[in-house]
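Structural description and commentary
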Amino acid sequence: MLLYDIKFGIKMINSDIYNKKRNFFIIAILISFLVSIIESLPMLIFYVKGWVYPIEVNIFNIGSGLSLVIWQIFVFINIQISFFVNYLILKPFDIDEKRKRFKVLISLVTSIAIFFLIAISISVFTNFPDHVVYGANFARSLVVNSIALSFTNFTRINFKAYTIKLENEILKKEKIKGQYETLKNEVSPHFLFNSLSVLQGLVNNDKDKANEYIKHLSNLLRTTLESNQKKFITILEELELAKAYVFLLEMRYGKNLNINVDIPDSFNFHLIPPLTIQTLIENAVKHNEISKKNPLKIDVGINENGQLRVLNKIQKKRTSEPSLGVGLPNLSKRFQLLVGKDIQIYDDQEKFYVDLPLEKNN
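One numbering rule holds for all chains: residues counted from 1, following each sequence as written. Totals for whole chains, interfaces and linings use all residues, but because this is a predicted model, local features are given only for residues with pLDDT of at least 70 and pairs of side-chain atoms are given and counted only at 80 or more. Only hydrogens and water are set aside when side-chain values are computed; all heavy atoms of the structure are taken into account.

Our next topic: the overall build of the protein. Secondary structure elements are taken from DSSP: a helix is a run of H or I of four residues or more, a strand is a run of E of two residues or more, and numbering for both begins at the N terminus. Helix and strand content of the protein: eight helices and seven strands. Only protein chains enter the accessibility calculation, which uses a 1.4 Å probe; a residue is then buried when its area is under 20% of its type maximum, exposed when over 50%, and partly exposed in between. The burial tally for the protein puts 43% of its 362 residues in the buried class. Note on areas: Shrake-Rupley with a 1.4 Å probe; residue coverage comes only from the protein chains shown. Roughly 20,400 Å² of accessible area belongs to the protein as shown, and the carbon and sulfur atoms make up 59% of that amount.

Take the environment of Leu108 next. Within the fold, Leu108 resides in helix 3 (residues 101–123). Along the backbone, Leu108 and Leu149 are 41 residues apart, and their C-alpha atoms lie at a distance of 6.7 Å. Contacts are assigned to residue pairs that have any heavy atoms within 4.5 Å of one another. Discounting chain neighbours no more than four positions away, the residues touching Leu108 are Asn145, Ser146 and Leu149.

Turning our attention to the environment of Lys317. Among the secondary structure elements, Lys317 is positioned in the loop between strand 5 (308–313) and helix 8 (327–338). For the pair Lys317 and Val285, spaced 32 residues apart in sequence, the C-alpha to C-alpha distance is 9.8 Å. Those residues in contact with Lys317 that lie beyond four places of it in its chain are Val285, Lys286, His287, Asn288 and Glu289. At 3.3 Å, the side chain of Lys317 and the backbone oxygen of Val285 are in polar contact. Counting of polar contacts relies on pairs of N or O atoms within 3.5 Å, with two restrictions inside protein: one atom must be capable of donating a hydrogen and the other of accepting it, and residues adjacent in sequence are counted only when both atoms are side-chain atoms. There is a polar contact of 3.4 Å between the side chain of Lys317 and the backbone oxygen of Lys286.

Moving on, we get to a nonpolar patch on the surface. Distance thresholds for patches are 9 Å for like charges and 5 Å for nonpolar side chains (Val, Leu, Ile, Met, Phe, Trp, Tyr), applied to residues having over 30% relative accessible area and no salt bridge. Here, a salt bridge means any Lys or Arg side-chain nitrogen found within 4 Å of an Asp or Glu carboxyl oxygen. A surface patch of nonpolar side chains, amounting to about 400 Å² of accessible area, comprises Phe33, Ile37, Leu41, Leu44 and Ile45. The residue Ile37 is located in helix 1 (residues 6–49) in this model. Taking the relative accessible area as the measure of exposure, Ile37 reaches 32% and is therefore partly exposed.

Let's shift gears to the packing of helix 7 (residues 276–287) against helix 8. To get an axis, fit a line to the C-alpha atoms, keeping to the stretch in contact for a helix; angles then go from 0 to 180 degrees between the N-to-C directions. Here helix 7 crosses helix 8 at 155°, and the two axes come no closer than 10 Å. Regarding the angle of helix 7 to helix 8, the classification is roughly antiparallel. Note that helix 7 runs across helix 8; the crossing there is left-handed. Contacts between helix 7 and helix 8 involve Thr276, Thr279, Leu280 and Asn283 on the former and, on the latter, Gly327, Leu328, Leu331, Arg334 and Phe335. Taken together, the residues of the contact of helix 7 with helix 8 break down into four nonpolar, four polar and one charged. Orientation labels follow simple angle bins: below 35 degrees gives roughly parallel, above 145 gives roughly antiparallel, 65 to 115 gives roughly perpendicular, and whatever is left gives oblique. We call a crossing left-handed when the near helix sits turned anticlockwise from the far one by less than a right angle, and right-handed when that turn is clockwise. Asp, Glu, Lys and Arg are counted as charged, while Ala, Val, Leu, Ile, Met, Phe, Trp, Tyr, Cys and Pro are counted as nonpolar; the rest, among them Gly, fall into the polar class.

Here's what the structure looks like:
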């Protein structure tokens, strides 16, 4: 089925934003942890091996092992701050936010500045030489913040492309939904028009039958309108609607109209757009002669491909009845929108039949 609720699509976007935000910070934490490990790795190797390190490993003057742990935590927090600053400035999950180059520059400069200031302030508690504080920390902050900036910017571009694609899909479905509603609104007037045409024939020939016809027509119109609010109904429900309509036709044509239904029980709960069979019966009655001399037989069944088939012998009327001309075109468009497949129409000048794809009821 091609249609789905537009509100559900919007809800899905909001839910997806939440999930992507969560994933962003999970990945940011993992990257921060990995970089902090790499950052502390040289000091850790020298500490384990007992080698002489260019800088005193006991940088906090509280013991080499504990100093290494605190330094790793410090680096981890610094990288997390870099990710958070980039997140706040670039706003990767804000759909309406326009990306500007100066924001990327501001994000990089701001996060480096914060990183560098923290590094300088932490140097008060360490025994780092000045050249390490001002040189190595600046180089390290440049690398770390470039990673954070690249990841945040990539996330933003990726999310923007995904959101545009999803919004376009929702707009496409909204357009389809509007087209479907237009087609659906054509069905009821079309059915009423044809029913009144039948009634006109009865009024001229049998007023008592016409009165009875009006009672049954009123009841059928009610059930038809209820069914037409749905996108799909089962074959069983569709046959009940068609049976009620056939009853009205038989009031006019009697035994001159024979409608034979032969559908296996296994197809009873397959789905079909409402008023499908009724539309095809209407079409056959409208365009073919129905008389004692030329009775009309309409067969409703399943073809060899598991599709619904409505078939009748062609016996064209000499004078055509008034028509809105929306029966088969409307049916074709409804199937294209709802099922994603078109109906197949066959006319070999002797017989006319229409094959219709069915949806399985999952």
